[in-house]
Each structure stands twice: as structure tokens, then as C-alpha cells.
2 protein chains.
Amino acid sequence: MKLGDGVEQAIHSVAMLSGLSEGGVLSAAALAEFHGVSTSYLLKHLQALSGGGILHTVPGPKGGYRLARPAEKITLLDIVLAVEGPAPAFRCNEIRQRGPNPAPDRFFAKPCNISAAMLKAERVYRAELAKTTIADLGAELAEIDDGTIAARSCAFLELHERRTAR
Amino acid sequence: MKLGDGVEQAIHSVAMLSGLSEGGVLSAAALAEFHGVSTSYLLKHLQALSGGGILHTVPGPKGGYRLARPAEKITLLDIVLAVEGPAPAFRCNEIRQRGPNPAPDRFFAKPCNISAAMLKAERVYRAELAKTTIADLGAELAEIDDGTIAARSCAFLELHERRTAR
DNA sequence: GTTAGGCTACTCGGATAGCCACTGTCCGAGTAAAGTGGG
DNA sequence: CCCACTTTACTCGGACAGTGGCTATCCGAGTAGCCTAAC
């Protein structure tokens, strides 16, 4: 049970993108520099987010990424599913019917209890992730911030944010 | 996000072991044959379960494994943690302070909101797994069983179960 | 001066190597049971 | 006949290769802006 490191980068990137003004975009290079990670690798996950409908891509020079919908409508679950894929962590291989003397097929119409219990726990996990939006994280951070972090982010955004025609 | 295949094998093995009588043991070879998996590989996970205090090992000829405590006291979470390890799936690399212009350290005393949210979801996931015991799975299976599965398991157990002195 | 055309440079996108963990396997240490010889 | 020792064979335990996916990277497709030159 392990999540890729890209998930953290993706969440931080989306959180940063939620702070830019309407119509502004941020390049992958800027995001990577701010977070101190590889640009090419971050690009891979930004593409996944774009494919998942979370980010909107602006091509060409002065291009970059921006949120495809308001931060209130983007949950942690959306990001995790876009980056890690929608497949469940637990995969039932039906080993119960792989023995030398399997039971009749009629017992296997329903998935086994073990798989059901594991998948149920995973649904609870995803439901919990779906409760938290990017906007929630921003508001939460603003409460404990005396202005230093906000100032740092704003300075970075003003330095790298780009206004696009469309 | 992916769980190893060994988790499924481990859960099924523990469920099978919960069906044998007091003082009886089952060899890893028998468990592997019943489930149609590699004996050597299943041994790896049975060792993990033994190290986690879930199974009790009986060495020597006519040896094998048995539950270290009643099935009512063994949860799915215990098995998952024993096989996959106790480390959380989400690992915060603190990329927020890896940029070229990190904020003062005093903001990093508390873990970041993102990590907190992800770990909270994981706690919920684990809590859900902890609700289901092996005994629950057995009782649940008995409800939909007309006796065929129970007969098959009993036949296999009587064929391979071993009584030990201790 | 205006405008159309071409060019440049910068961006994202997909295809390509490298590395680590999971998968699968093997041989050795340990032990209970059976066999054997003596008392 | 009983007992203790030796042998045996079977079990688990930890150490050893193979493979798939995550990590990291590179080069190509596409486009907005800029420069140039003609009108």
C-alpha cells in the first residue's frame, strides 16, 4: 500500500493554481521551481490532471495551466483518482475458486465477502477524501497564517503569473 | 495506490485457519494447494503474519500454523498492517519547504494541511478495516451458504488438519 | 504608417531509459517422530 | 518388554533472482508573439 510521490506534487500544484487570479495561468516550470521538483516529472502529473478535467491547458508561449473549475469543486479524491488511476487498491484475484476442487460456479456469482469488505473500506476512504476541497485547504491555511505565507505565494504568483487573451 | 496480491492470500489463509479445531494446525503447503498459489510465496506472508502476532508457528514435522488468538480478535486491519507494513500510504515529502525561497521554519512545526487531510482519510480507512473481524466474515459466509462450501472446507480440513501435542 | 507574412522561441505532449519494490524461488536451520539397539 | 539414542524426514525461516510499475528524462508537435518587409 503505497501512493506515488506524484500525488503530493499534484495536490500542492493545484493548491498553488487556486491562488492565481481569473484568467491567469502558471507554467509547469514555475510550479516545479517553486516546489523544488523535476519539471519533466511534474509535467507528467499535470497532464494527468488535465486529462482528468481538473486543469485546463493553455498551449503556446506564455501558456501554462489553470484550474478547469472553481477550487470549491475540486476535491482531493479528484486529484488522487486522476494521478493514481481509478482502479481500486485491492484487487480480488478470486483465489477461492483456484484450488484443485473448486466449489460450483453459482457460489461465485456474488463477490466474496473479503473483497466486499476491502472495497467497502476503500469507498469510505474515498468518501473522506471527497469531503475536502482545495478551497477548504486554502481557508484552513489562512487561519494559521499571519500573512507571511500568503505574501510569499503572492510574490511568486505576481512574478510568474501570466495573463492570457483567452 | 496498489495493495500487493499477498494481502488477499493472507486473509483467505487466516479465514481458513479460523475453521480448524482447537489445537489443530495447517501446513503452508496445504494452504497454498487449497488456494492454488505458490507455496514459497505464501510462506513469506505467513511469516509476516506470524511476526505480527496473528499466527502461531508450530515447527518440525506435523507442524504448521494456527491462529494466535480467537478469530473475533483478528481484524482485517491487523492482517493488512502485518503484510503491507505499518507505514502510511501517503508520505509527505515536505515539498512546500523545498523551494528556492522557503518560508521560516516556524511554519513547518505543524504538518501541512494536505498531509493532515490525507492521513485523516487513511485513519478512516483503517478504522473501517478494523471493524471487520475474521469471525464476522465466517458468520457472513455461513448465512448465504447452503452447506456446500462448509462441507468442502471441512473435508479439506479433515484431510490436512494435524493435531499437535502442544 | 499599416498590415500581411514569416520566423522565432517558448510551451505542452508523448515516447523513452533507470531504479525500486513486489513477485516468485531456492536452500539451510530446527525439530518432532519413527526406527533401532541395548539393558 | 522398556528405554534411550540415532536417524530421518518434514517443517518453517531467511537469503537469492526476475519482473512490473513508479521515477526521471528527453525530443517532437503546436502556437502566441515578434520581427520584417512590402504596400
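Scroll up to find the structure this text is about.
Remember, it's a predicted structure, so these values are computed and weren't measured experimentally.

Enquirer: What's the story with the overall build of chain A in this structure? I'm lost.
Expert: Helix and strand counts for chain A stand at seven helices and four strands. When the helices and strands of chain A are placed in sequence order, the string is α-β-α-α-β-β-α-α-α-α-β. For chain A, whose C-alpha radius of gyration is 21 Å, the value lies well above the compact-globule estimate of 15 Å for 166 residues. Counting all 166 residues of chain A, 45% fall into the buried class. Looking at chain A alone, contacts between residues at least 24 apart form 68% of all its contacts between residues at least 6 apart. Carbon and sulfur atoms make up 54% of the accessible area of chain A, which totals about 8,100 Å². Averaged over its 19 positive side-chain charges, chain A has a centre that lies 11 Å from the centre of its 18 negative ones.

Enquirer: I would appreciate a short explanation of the pairing of strand β2 (residues 55–58) of chain A in the present structure.
Expert: The side chains of a regular strand alternate, residue by residue, between the two faces of the sheet. All names here are of chain A. Where β2 lies against strand β3 (residues 64–67), four bridges are found, and the strand directions are antiparallel. Considered in β3, the bridge of His56 is made with Arg66. Linking two consecutive strands that pair antiparallel, namely β2 and β3, is a turn of five residues; a positive phi of about 85° is found at Gly60 within it.

Enquirer: I'm lost on the relation of the copies chain B and chain A in this one. Help?
Expert: Each of the two copies of the chain can be brought onto the other by a rotation about an axis and a shift along it. Superposing chain B onto chain A takes a rotation of 180° plus a shift of 0.0 Å along the axis, which leaves an RMSD of 0.0 Å. Considering both components of the superposition, the chain copies are consistent with a two-fold axis. When C-alpha positions in chain B are compared against the rotation axis, the closest is assigned to Tyr125(B), at 2.4 Å. Of the interface residues in chain B, 100% have counterparts in chain A that sit at the interface too, so the contact is made through matching surfaces.

Enquirer: Just to check I follow, could you spell out the interface of chain B and chain A for this structure?
Expert: Reports often express the size of an interface as the amount of accessible area lost when the parts come together. On the side of chain A, 55 residues touch chain B, which itself brings 55 residues to the contact. Summed over both sides, the interface of chain B with chain A buries roughly 5,300 Å², with 64% coming from carbon and sulfur. Three residues, Met1(B), Glu8(B) and Ile95(B), lead the burial of chain B against chain A; their summed loss comes to 15% of the area buried on that side. The interface formed by chain B and chain A includes four salt bridges. In this structure, the salt-bridge partner of Glu128(A) is Lys120(B), at a minimum N-O distance of 3.5 Å. Where chain B packs against chain A, one counts 13 residue pairs in polar contact (both at pLDDT 80 or more). Elements with a minimum of two residues in the side of chain B that touches chain A: α1 (6–17), α2 (28–35), α4 (76–84), α5 (113–131), α6 (134–144) and α7 (148–160) of chain B. In terms of residue count, the dominant contributor to the side of chain B that touches chain A is α5(B) (11 residues). Each residue belonging to the side of chain B that touches chain A can be placed in one class, and the counts come to 28 nonpolar, 10 polar and 17 charged.

Enquirer: Would you mind going over the protein's contact with DNA strand C with me for this structure?
Expert: Lining the immediate surroundings of DNA strand C are 19 residues, of which Tyr65(A), Arg162(A), Asp5(B), Ser38(B) and Tyr41(B) lie closest. When the atoms of DNA strand C within 4 Å of the protein are sorted by group, sugar and phosphate make up 58%. Within the backbone of Gly60(A), an N or O atom sits 3.3 Å from a sugar or linking oxygen of DNA strand C. Between Asp5(B) and DNA strand C, the recorded distance is 2.6 Å, taken from a backbone N or O atom to a phosphate oxygen. At the level of secondary structure, the elements contributing two or more residues to the surface near DNA strand C comprise α3 (39–51) and β3 of chain A together with α3 (39–51) of chain B. When residues of the surface near DNA strand C are assigned to their parent elements, the largest contribution, three residues, is made by α3(B). Split into classes, the residues belonging to the surface near DNA strand C amount to six nonpolar, nine polar and four charged.

Enquirer: Explanation requested: the packing of aromatic side chains in the structure shown.
Expert: Two aromatic rings, taken as a pair, are described by how far apart their centres are and by the angle between their planes. Residues and elements named next belong to chain A. This structure, assessed with the given rule, holds three aromatic pairs over all chains. Geometrically, the ring pair formed by Phe34 and Phe156 is tilted, given 4.5 Å between the ring centres and 55° between the ring planes. Of this pair, Phe34 sits in helix α2 (residues 28–35) while Phe156 sits in helix α7 (residues 148–160), and the two are 122 residues apart along the sequence. Across the pair, exposure class does not vary: Phe34 and Phe156 are buried alike.

Enquirer: Looking at this structure, I do not really get the environment of Ala116(B). What am I missing?
Expert: Looking at the secondary structure, you find Ala116(B) in helix α5. Residues Ala116(B) and Cys92(B) lie 24 residues apart in sequence; the distance between their C-alpha atoms is 9.3 Å.

Enquirer: Even after reading the chapter, I still don't get unusual backbone geometry, so can you show me in this structure?
Expert: Outside of glycine, negative phi angles account for most residues, and trans bonds account for most peptide bonds. In this structure, Glu94(A) takes a positive phi of about 55° despite not being glycine. For Glu94(A), the position within the fold is in the loop between α4 (76–84) and α5 (113–131). In this structure, Lys62(B) is a non-glycine residue whose phi angle is positive, near 60°. Locating Lys62(B) in the fold gives a position in the loop between β2 (55–58) and β3 (64–67). The exposure class assigned to Lys62(B) is exposed, which follows from its relative accessible area of 60%.

Enquirer: Would you explain the side chain of Thr132(B) in this entry?
Expert: Note that Thr132(B) resides in the loop between α5 and α6. With near-sequence residues (within four places) excluded, Thr132(B) lies in contact with Ala117(A), Ile74(B), Thr75(B), Leu76(B) and Leu137(B).

What counts and how
Residues numbered from 1 in each chain as written. Chains lettered and ligands numbered in written order. Predicted model: local features only at pLDDT ≥ 70, side-chain atom pairs only at ≥ 80, totals over all residues. Heavy atoms only, no water. Helix = DSSP H or I, 4+ residues; strand = E, 2+ residues; numbered from the N terminus. Rg over C-alpha atoms; globule rule 2.2 N^0.38 Å. Buried < 20%, exposed > 50% of the residue type's maximum accessible area, 1.4 Å probe, protein only. Contact = heavy atoms within 4.5 Å. Areas by Shrake-Rupley, 256 points an atom, 1.4 Å probe, with all protein chains shown as cover. Lys, Arg positive; Asp, Glu negative; His and termini not counted. Charge placed at Lys NZ, Arg CZ, Asp CG, Glu CD. Pairing = 2+ DSSP bridges. Least-squares fit on C-alpha atoms with pLDDT ≥ 70 in both. Buried area = accessible area lost by both parts, 1.4 Å probe. Salt bridge = Lys/Arg side-chain N within 4 Å of Asp/Glu carboxyl O. Polar contact = N/O pair within 3.5 Å; in protein donor to acceptor, adjacent residues only side chain to side chain. Nonpolar A, V, L, I, M, F, W, Y, C, P; charged D, E, K, R; others polar. Near = heavy atom within 4 Å. Phe/Tyr/Trp six-rings, centres within 6.5 Å; stacked < 30°, edge-to-face > 60°.

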